[in-house]
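A look at the structure
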Amino acid sequence: MNNPRFRQLLGRSVPTLILLASGIFFTFPLIAMARFAFQNLQVIDLGWNNLFDKWSFSSVTASFSDEFFSEALTLSLKLAVGTALFTLGLLIPTAVWVHLRLPKARVFVEFLTILPYVIPAIALVAGIVVVKPHARWFLNSDYSLIPFYVVLALPFTYRSIDAGLRSIDLKVLVEASRSLGSTWLATLFRVIIPNLRAAIISSTFLTVAVVLGEYTISDVLLKRTFPSFMAQYRQSDPRGGYALAIMALIGTTFLFVAIGVLSRSRSTKLQSNSPQLKNEILT
Amino acid sequence: MVSSNFPPLDNEGAVAQAAAPSHIQKHPRKNLAWFGLVPFFLFLILFLLIPAISVFTQALHDEDGSFGFSAMREAISGQNLDAFVFSLTFSAGAALVGVILGGLLAYAAATAKRPRWLRNIVSSFSGVAANMGGLPLAFAFLSLLGRQGLGTKILNAFGWDLYAGDFRLGEISGLITVYSYFNIPLMVLVILPAIDGLKTSWREACANLGGNTWTYWRRVGLPILAPSLLGGFLLLFANSFSAYATARQLTDNSKIVPLRISFFLGGDVSIGEDAVGYSLAAWMIILMGVCMGAYWLLRRRSEKWSAS
């Protein structure tokens, strides 16, 4: 045990083993899902000799032709756009105001933005069900999901915009713009927003990822969003449902990688925090 | 112990910035500044607080419609209590597994010298996987460890019949396995800055004073990581407890509290019993409030040592 060479070997091999085991744990479920979706072969019949037989994308193309597919995808995309715009319209003025006029409210506002963790989606939707009889005119519309999706994405989006504002010298920019005779509106659109480009793009991607993956509220309220369609479609055609899930996964992964690249290029330039969905709340 | 490169940037910057205006503009208009936040507050009240409060008003009804705690009591007795115990157990288990394995993985990635891209891969992948909840995750594990799953078959070939014991994806062991998929990466994200904050000089100081690796971890490393570890545990616990989408696709197990709430909301219960569903949600909000409150406090503490 106290043999230095043995300990050196141990010190090297344990981290390698941990990394290898993690690699297996994190890739195998994805491989199994992809195989199930794209290989038309029962697991029982699977063996070494037919491992590469009967692979095709027919399950995806079949699901595309389902009558509700485009309807559900369109609804989710519209919700994503609506949620992203609503988020930016609400959060940019608020965050700018906090930075310029109310720095002492910063911790308080940040605290408010983690409230969606205290009231998780399933509890929020319970509340919506209670309120529903009093606001049917609003809640019957599919688009009534938008403000609730803004709430669900709030912990991530606010932090992303807040980090963006921290990385620029907002006070100086605004004073310069104002003293050159620009109005508040022009300052916002021509000075602040262009400087927040990276933060705006990442908060938009985060919103899109949240909306395209949200299932709880839409399931309980029986809305026909894309995730609900996916769950329903799986009942009739499991392989197609899984294939759709893979598509969704690739799409959101792409969004997160893009956010990562964006925040890294920005943080090397400006030394700001990197905004990603879950780790935003932690850093 | 005075360290010259104390992590300064964000916090001190914020203090300096916050202090400046209060010296300069001291006019009565200052209180008006709060009005700028009215739209934001209004939004939160309408779409977050009113639903949350409605849950409580429904929960605090007795059967005759008057104010009372009977539904709240019923939500933590009998079958409902079983559900809470079950959910608390698997959430705590999933959080514990996530903290331990996530901590080890983060440490392995942080200390690995070669290859250089390893660390980046681990942290980027964690950013993606920590957010991978919902349907795709459930589908992935159904096709891996379901009864007809690929992994089940492979394990069978090695002579391990997974379903011979009490393994089910919807039971404690299965839920812990599935939730680890997002819990471990989430823990990596929580703990990585804290691990980076451990300075080599501390380890050297410990060695100089005659301590071995064990002493270092027991007296220096773990105490410094403790707030992050505990905070991570709370976050992972809250994350596992409130997850709905994945569980919904894996199983109909009504011992999972979020599923139970949705069954009540779905209206499969007699009139008058629905207050119990809202009480379950109310208890959940209380529990999450305690967890996140404690997490908030711990985070302030762990920021002290984190390399940012």
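Residue indices follow the written sequence of each chain, beginning from 1 at its first position. Chain letters and ligand numbers both follow the written order, the letters beginning at A and the numbers at 1. Local features in a predicted model are, by the rule used here, given only for residues with pLDDT of at least 70; side-chain atom pairs are given and counted only at 80 or more, and totals for whole chains, interfaces and linings are based on all residues.

Section: the overall build of chain A
Worth spelling out the cut-off: Secondary structure elements follow DSSP: runs of H or I of four or more residues count as helices, runs of E of two or more count as strands, with numbering from the N terminus. Only the C-alpha atoms count toward the radius of gyration. The rule for a globule is 2.2 Å times the residue count to the power 0.38. Partly exposed residues are those whose C-beta has more than 12 but fewer than 20 other C-beta atoms within 10 Å; with 20 or more the residue is buried, with 12 or fewer it is exposed, and the C-beta atoms are placed from the backbone. Note on contacts: residues are paired as contacts if their backbone-placed C-beta atoms lie within 7 Å.
The helix and strand tally for chain A stands at 14 helices and 0 strands. Walking chain A from its N terminus toward its C terminus, one meets helices and strands in the order α-α-α-α-α-α-α-α-α-α-α-α-α-α. Radius of gyration (C-alpha) of chain A: 24 Å, far over the 19 Å computed for a compact globule of 283 residues. Taken along the three principal axes of its C-alpha coordinates, chain A extends 75 × 70 × 35 Å. Taking all 283 residues of chain A together, the buried fraction comes to 44%. Of the contacts made within chain A by residues no fewer than 6 positions apart, 77% connect residues no fewer than 24 positions apart.

A few points about the overall build of chain B
Each helix and strand in chain B was counted, giving 13 helices and 0 strands. Listing each helix as α and each strand as β along chain B from the N terminus yields α-α-α-α-α-α-α-α-α-α-α-α-α. Within chain B, the fraction of its 308 residues that count as buried is 44%. Within chain B, counting contacts between residues at least 6 apart in sequence, those at least 24 apart form 75% of the total.

Quick word on the interface of chain B and chain A
Note the following rule: Any residue that is not Ala, Val, Leu, Ile, Met, Phe, Trp, Tyr, Cys, Pro, Asp, Glu, Lys or Arg is counted as polar, Gly included; the first ten are nonpolar and the last four charged.
With 67 residues of chain B at the contact, the number on the chain A side is 67 residues. Counting residues per element, the side of chain B that touches chain A draws most heavily on helix H2 (residues 38-59) of chain B, at 12 residues. The residue inventory of the side of chain B that touches chain A, partitioned by class, reads 48 nonpolar, 17 polar and 2 charged.

Brief notes about unusual backbone geometry
Residue and element names in this part refer to chain A. Of note in this structure, Leu222 is not a glycine but carries a positive phi near 55°. Along the chain, Leu222 turns up in the loop between helix H12 (216-220) and helix H13 (226-236). Overall, Leu222 belongs to the exposed group, with 8 C-beta atoms counted inside 10 Å.

What to know about the packing of helix H9 (residues 200-208) of chain B against helix H10 (residues 213-242) of chain B
Residue and element names in this part refer to chain B. Note the cut-off: All axes here are fitted lines through C-alpha atoms, helices being fitted over the stretch that makes contact, and every angle between N-to-C directions spans 0 to 180 degrees. Roughly parallel covers angles under 35 degrees, roughly antiparallel covers those over 145, roughly perpendicular covers 65 to 115, and oblique covers all other angles. By definition, turning the near helix anticlockwise from the far helix through less than a right angle yields a left-handed crossing, and turning it clockwise yields a right-handed one.
Where H9 meets H10, the closest approach of the two axes is 10 Å, and the angle between their N-to-C directions is 120°. As judged from the angle between their axes, H9 and H10 are oblique. At the point where H9 passes H10, the crossing takes the right-handed sense. Contacts between H9 and H10 pair Trp202, Arg203 and Cys206 from the former with Thr215, Tyr216 and Val220 from the latter.

Notes on the environment of B:Arg299
By the secondary structure assignment, B:Arg299 is in helix H13 (residues 274-302). Distance from B:Arg299 to B:Val190, taken between C-alpha atoms, is 9.8 Å for residues 109 residues apart in sequence.

A short note on the packing of helix H3 (residues 67-100) of chain A against helix H8 (residues 145-166) of chain A
Residues and elements named next belong to chain A. Interaxial distance between H3 and H8 falls to 8 Å at its minimum, and their mutual angle equals 45°. As judged from the angle between their axes, H3 and H8 are oblique. Where H3 crosses over H8, the handedness of that crossing is right-handed. For the pair H3 and H8, contact is made by Leu79, Gly82, Thr83, Phe86, Thr87, Leu90, Leu91, Ile92, Ala95, Val96 and His99 and by Leu145, Ile146, Pro147, Tyr149, Val150, Ala153, Thr157, Tyr158, Ile161, Asp162 and Leu165, respectively. Counted by class, the contact of H3 with H8 contains 16 nonpolar, 5 polar and 1 charged residues.

Focus on the domain arrangement of chain A
Residues and elements named next belong to chain A. Quick note on the threshold: For the domains described, the bounds stem from an automatic or database domain assignment.
Assigned domains of chain A: these are domain 1 (1-56) and domain 2 (59-281). The gap between the C-alpha centroids of domain 1 and domain 2 is 34 Å. Tallying the contact residues gives 5 residues for domain 1 and 5 residues for domain 2. In terms of residue class, the side of domain 1 that touches domain 2 is made up of 5 nonpolar, no polar and no charged.

Notes on the nonpolar core
To be explicit about the condition: For this analysis, nonpolar core means a set of buried Ala, Val, Leu, Ile, Met, Phe, Trp, Tyr and Cys residues linked through C-beta atoms within 7 Å.
One finds A:Val125, A:Ala126, A:Tyr149 and B:Ala281 to be the most contacted residues of the largest nonpolar core, which totals 163 residues. At 16 residues, helix H8 (residues 172-196) of chain B tops the list of elements feeding residues into this core. Looking at which domains feed residues into this core, each of domain 1 (1-56) and domain 2 (59-281) of chain A supplies at least three.

Quick notes on the environment of A:Gly260
Here A:Gly260 shows up in helix H14 (residues 238-270). As a C-alpha pair, A:Gly260 and A:Leu124 span 136 residues in sequence and 30 Å in three-dimensional space.

Some points on H13(A)
Within H13(A), 8 of the 11 residues are buried, which leaves it mostly tucked inside the rest of the structure. Where H13(A) is concerned, the buried positions are A:Phe226, A:Pro227, A:Ser228, A:Phe229, A:Met230, A:Ala231, A:Tyr233 and A:Arg234.

So, the confidence of the model for chain A
For clarity, the cut-off: Confidence scores here are pLDDT values: one per residue, from the predictor, ranging 0 to 100.
A residue-level look at chain A finds 92% of positions with pLDDT of 70 or above and a mean pLDDT of 85. Counted against residues more than four places away or in other chains, residues 279-283 of chain A, with its pLDDT under 50, gives 14 contacts.

Points about the confidence of the model for chain B
Residues and elements named next belong to chain B. The pLDDT averaged across chain B works out to 83; a share of 86% of its residues lies at or above 70. Averaged pLDDT values over the elements of chain B bottom out at 41 in helix H1 (residues 9-24) and peak at 94 in H2. Across residues 1-26 the pLDDT falls below 50, and counting only partners more than four positions away or on other chains, this stretch makes 12 contacts in the model. The ipTM assigned to the predicted complex is 0.85, against a pTM of 0.85.

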